[in-house]
Amino acid sequence: MAEAADIQGTGPSPARRWLRRTIVVAFGAPLLAGLLQAPATDSPAFAADDTGGSKTVDVSLDTLTPSAPVEGDTVTISGSVTNRSKKTVTDAEVDLRVGPQMTSRSEIEQVSERTGYRSYSDPAPLDDAPTVKIPRLGPGLTADFSLSVQVSDLGLDEAGVYQLGVSLTGQTSDRRYDRVLGIERTFLPYQPEATEKRTQLTYLWPLISSAHVSAETANDDQQTPVFEDDALAAELKPGGRLDELVSLGKDLPVTWVVDPDLLASVDAMANGYRVKDGTLHVPGKNQEIAERWLDALEKAVQGHKVVALPFADPDLASLAHRGKDVPGSLGHLQSATALAGTTVETILHVQPATDFAWPVDGAVDPSILAVATSAGADKVIARSDSVRDDLAYTPTAARPFSNGTTAVVSDALLSTAFEGDMVRSENSTRAVQEFLAQSLAVTLEQPEDQRSIVVAPQRVPTVAQAQTMATALRGLAAKRWSQPSDLLAAAAAKPDPDASTAVPAGSRYPKKLRDSELPVQAFRDMKTTRDEMDDFKVILTAQYRVVPPFTNAINREMSTSWRGQARAAALYRINVLEYLQTLTEGVQLVDKSDLTLSGRSATIPVTVQNKLLQDVHLVLRLTSGNKNRLNLNGEPYKELPVKISGGHSQSVKFSASANVNGQVPMTAQLYTEDGTPYGQPMTFTVKVSEITATVMLVIAGGVLLLVLAGVRMYSQRKRVAARNAEAEALAAEAGTEPLEPGPRPESGADTPQEPGAPAAESAADEPEQPSDPTADTGSESGDPSGPGEKVDR
């Protein structure tokens, strides 16, 4: 029959050639081994089993078109061969090898892991197929090739998945015989006609980024947000990661999975933003880029299903394993879920689904499910390497878990097909062909039953990964063995009764994922920030200016994007807390110096300063350290309400009563209206100096003496004036000039001077004082009086 086939010119099929070759090797190898005793370097009989030599040349398959051929197509394969050895390759030839149809998905996976040539599994080169001759290839050199062959010449028996290999056969200077020096395998899905039951395939298209917005806002009415950096703009620019995801996704049958924080961040950029630059905030320069991206995204999602993750994509596994025992942590997840729907609807003008939870890599356990459902999610996106089915086929993705949650189990092989470096074209081409092959194999497992499968790729695909995913989805555009569906339909699909519904035990959770979770300290830091914010917000008259920015910042502290970035995550948490503390310290008591209190009662002023841009209201308590010495209206402390306008200070006055002299320590403390201490207390000292009755009598006596002295001086001056007037009258009657008025001598002050007697003469007639040692004194000094002198005037 084989001979007849050769006569007809069709040639044996790849499956028959592979079987014949296997039989020949199995039965002929022992005979050849016994007959041929020549050295291995001289005999080509060893070429088929030379697995080490088959790695001499690296074969790269860069393109394969079409990726899923049908009858009448021409398959073109291009790539390159590179000599990795130190020997020159001569008389080489690049050829095609098409293997037998693969019967299972596991076989596809095994072939994808093979390296090097295997004589017992790799088929022979295609008969009469085109080849490329490479006469000489020096060490380290590369040569390109391109092979084109009709589908009819590939010898494909029936629909299915086939191994397609490209090998280089040649010689080296140390082994002068033909042998396989390099081989690369890929897969050829062949389904020329549509299957009767096509698989419903749901592909998730994630729009997720890391946290970029800080808790800070500018000091303006618009509360312009402040970004930690301007890195998000690079993702939004043409050719950037997020721009590429939108450009590719708009034409693909996908379900958009969106982090609302990303939308809110880009919307903030579009409306004006600032960026941290050391200690300064500089205006952002990418407003137009943000506007353009949002506009493109809004158009792209029209007509598609949109799933909104909780705000900032919180790490459910970290929360379940490390944070749920920290009080208040689950409350953040609830607020993040509540915020998700309104954010997406406001910005994109579509109604998203918000009842899906997506833990990292789809790994679940009872604690993760409990946390997810606590925030209102009743559907969880798991993965088949976590929820394992002991079946010979791939079951429908949806199934009910025992706790009432619907699990949508994504296919692990398809979901991880595009991880790794997709920049190299050979990796991208290989990933596309393996994805298409696996998807066809799913349909051919049970062609009589229609099933629904879900693909949940990596959360943050690179540009190259996104482009490769798009290429693979375009390969399914013909809908010959699959048809697109959405996540909501996949979750509502009828479950397979034989599929597993057991929740994986916590002991099965991958150690690698557990080691990368947020630490317990991260959730304690979040609690500290939340508690301080709760204490701070109650004094504010405009809480909306503070609460939302810090609530969103705390949500960002829980983000899945911090995995693998422990230091950056810790720094972000520190920055949020320090900024909150800066705001709280904007309302504080102004330090005051010690006071002296004289008298039984007085007023003690305490000043409160408000550096915020809004009014605040608190209660100020002043406490006496010794109520027996100094009390406040008969009490050890007194409280007064305080309301201070933004940017102002206010002095609050307390009435105090003193009983005993001495120093009294005083403490001033601000409180919120519910009695919670606010800020640090301020202490100062009041020195009490009480004025007693005896002191008052002494003071009164002194005042009386001053009054009497004044009266006496007034009386003396009045008598002198009267005598002078009388002397002037007598002189006028006698016709003589009056004497010059002057002070009377101390002796005989009360006896009037004789009229007409010169004053100098009467003074000279007085006898000399016996106590005077000399008659004359020195001349009067014109210098000022010394400090110890007494001057009579």
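Our subject is the structure listed above.
Residues numbered from 1 in each chain as written. Predicted model: local features only at pLDDT ≥ 70, side-chain atom pairs only at ≥ 80, totals over all residues. Heavy atoms only, no water.

Caption draft 1: Expanded view of the overall build of the chain. The helix and strand tally for the chain stands at 20 helices and 29 strands. Here the chain holds 793 residues, and 46% of them are scored as buried. Within the chain, contacts between residues at least 6 apart in sequence are counted, and of these 77% link residues at least 24 apart. In the form shown here, the chain has an accessible surface area of approximately 39900 Å², with 52% of it arising from carbon and sulfur atoms. (Helix = DSSP H or I, 4+ residues; strand = E, 2+ residues; numbered from the N terminus. Buried < 20%, exposed > 50% of the residue type's maximum accessible area, 1.4 Å probe, protein only. Contact = heavy atoms within 4.5 Å. Areas by Shrake-Rupley, 256 points an atom, 1.4 Å probe, with all protein chains shown as cover.)

Caption draft 2: Region of the structure containing the side chain of Arg 530. Summarising the element assignment, Arg 530 is placed in helix H16 (residues 520–537). For the buried Arg 530, no salt bridge is present, and the opposite-charge side chain at shortest range is Asp 531, 4.2 Å distant. Only 2.9 Å separates the side chain of Arg 530 from the side chain of His 332, close enough to count as a polar contact. Excluding residues within four positions of it along the chain, Arg 530 makes contact with Pro 327, Gly 328, Ser 329, His 332 and Ile 554. (Lys, Arg positive; Asp, Glu negative; His and termini not counted. Salt bridge = Lys/Arg side-chain N within 4 Å of Asp/Glu carboxyl O. Polar contact = N/O pair within 3.5 Å; in protein donor to acceptor, adjacent residues only side chain to side chain.)

Caption draft 3: Spatial organisation of the sheet that holds strand S5 (residues 142–150). Taken in spatial order, the 3 strands line up as S1-S2-S5 in an open sheet, and their pairing is antiparallel. Each of the sheet's edge strands pairs with one partner strand only, and the pair in question is strand S1 (57–65) and S5. Strand-to-strand twist of the sheet, defined as the mean angle between neighbouring strand axes without regard to direction, takes the value 20 degrees. Note that S1 and strand S2 (residues 74–83) share 8 bridges and pair antiparallel. The residue of S2 that forms the bridge with Leu 61 is Gly 79. (Pairing = 2+ DSSP bridges. Axes fitted to C-alpha atoms, helices over the stretch in contact; angles between N-to-C directions.)

Caption draft 4: Summary view of the pattern of salt bridges. Overall, the coordinates contain 28 salt bridges when judged by the stated rule. For Glu 216, the salt bridge goes to Lys 276, with nearest N and O atoms at 3.2 Å. Here Glu 216, found in strand S9 (residues 213–217), pairs with Lys 276, found in strand S12 (residues 274–277); they are 60 residues apart in sequence, far enough to count as distant. The exposure class of Glu 216 is buried, given its relative accessible area of 13%. As a salt-bridge pair, Lys 379 and Asp 355 come within 2.6 Å of each other at their nearest N and O atoms. Of this pair, Lys 379 sits in strand S16 (residues 379–383) while Asp 355 sits in the loop between helix H9 (329–348) and strand S15 (356–357); the two residues are 24 residues apart in sequence, bridging distant segments of the chain. Connected through salt bridges with shared partners, the residues Asp 315, Arg 322, Glu 517 and Arg 563 form a single ionic network.

Caption draft 5: View of the side chain of Thr 172. Here Thr 172 is to be found in strand S6 (residues 160–172). Thr 172 sits in the buried class, given a relative accessible area of 1%. There is a polar contact of 2.5 Å between the side chain of Thr 172 and the side chain of Asp 174. With residues near it in sequence (within four places) discarded, Thr 172 still touches Lys 87, Thr 88, Val 89, Arg 179 and Leu 181.

Caption draft 6: Focus on helix H17 (residues 547–557). Where burial is concerned, most of H17 is hidden: 9 out of the 11 residues are buried. Taken as a whole, H17 has its buried residues at Val 547, Pro 549, Phe 550, Asn 552, Ala 553, Ile 554, Asn 555, Arg 556 and Glu 557. In this structure, the buried residues of H17 make contact with S9, helix H6 (260–270), H9, H16 and helix H18 (566–584).

Caption draft 7: Local environment of the nonpolar core. One finds Phe 536, Phe 550, Leu 620, Leu 622, Leu 630 and Met 666 to be the most contacted residues of the largest nonpolar core, which totals 75 residues. The element best represented in this core is H18, accounting for 6 residues. Here Leu 622 is in contact with Ile 604, Val 606, Leu 632, Pro 636, Tyr 637, Lys 638, Phe 654, Met 666, Thr 667, Ala 668 and Phe 684, once residues within four sequence places are set aside. Grouped together as the second largest cluster of nonpolar side chains are 67 residues, Val 258, Ala 268, Met 269 and Tyr 273 included. (Core = buried A, V, L, I, M, F, W, Y, C linked by side-chain atoms within 4.5 Å.)

Caption draft 8: Representation of the packing of helix H8 (residues 316–323) against helix H10 (residues 366–374) in the model. Between H8 and H10, the least distance of the axes is 8 Å, while the angle of their chain directions is 110 degrees. It follows that H8 is roughly perpendicular to H10 by the angle criterion. Residues Leu 316, Ala 317, Leu 319, Ala 320 and His 321 of H8 lie in contact with H10, whose contacting residues are Ser 367, Ile 368, Val 371 and Ala 372. (Parallel < 35°, antiparallel > 145°, perpendicular 65-115°, else oblique.)

Caption draft 9: The arrangement of unusual backbone geometry in detail. The step from Thr 65 to Pro 66 runs through a cis peptide bond, and the omega angle for that step is -10 degrees. Secondary-structure assignment places Pro 66 in the loop between S1 and S2. A positive phi angle, near 50 degrees, is found at Asp 313, a position not held by glycine. Structurally, the position occupied by Asp 313 is in the loop between strand S14 (306–308) and H8.

Caption draft 10: Summary view of the packing of helix H5 (residues 241–249) against helix H7 (residues 287–300). H7 packs onto H5 with a crossing angle of 30 degrees between their chain directions and a minimal axis gap of 9 Å. Here H7 runs roughly parallel to H5, going by the angle between their axes. Judged by the sense of rotation from one axis to the other, the crossing of H5 with H7 is left-handed. Residue-level inspection shows Leu 242, Asp 243 and Val 246 of H5 in contact with H7, the latter providing Arg 292, Trp 293, Ala 296, Leu 297 and Ala 300. Grouping the amino acids of the contact of H5 with H7 by side-chain chemistry returns 6 nonpolar, no polar and 2 charged. (Left-handed = near helix turned anticlockwise from the far one by under 90°. Nonpolar A, V, L, I, M, F, W, Y, C, P; charged D, E, K, R; others polar.)

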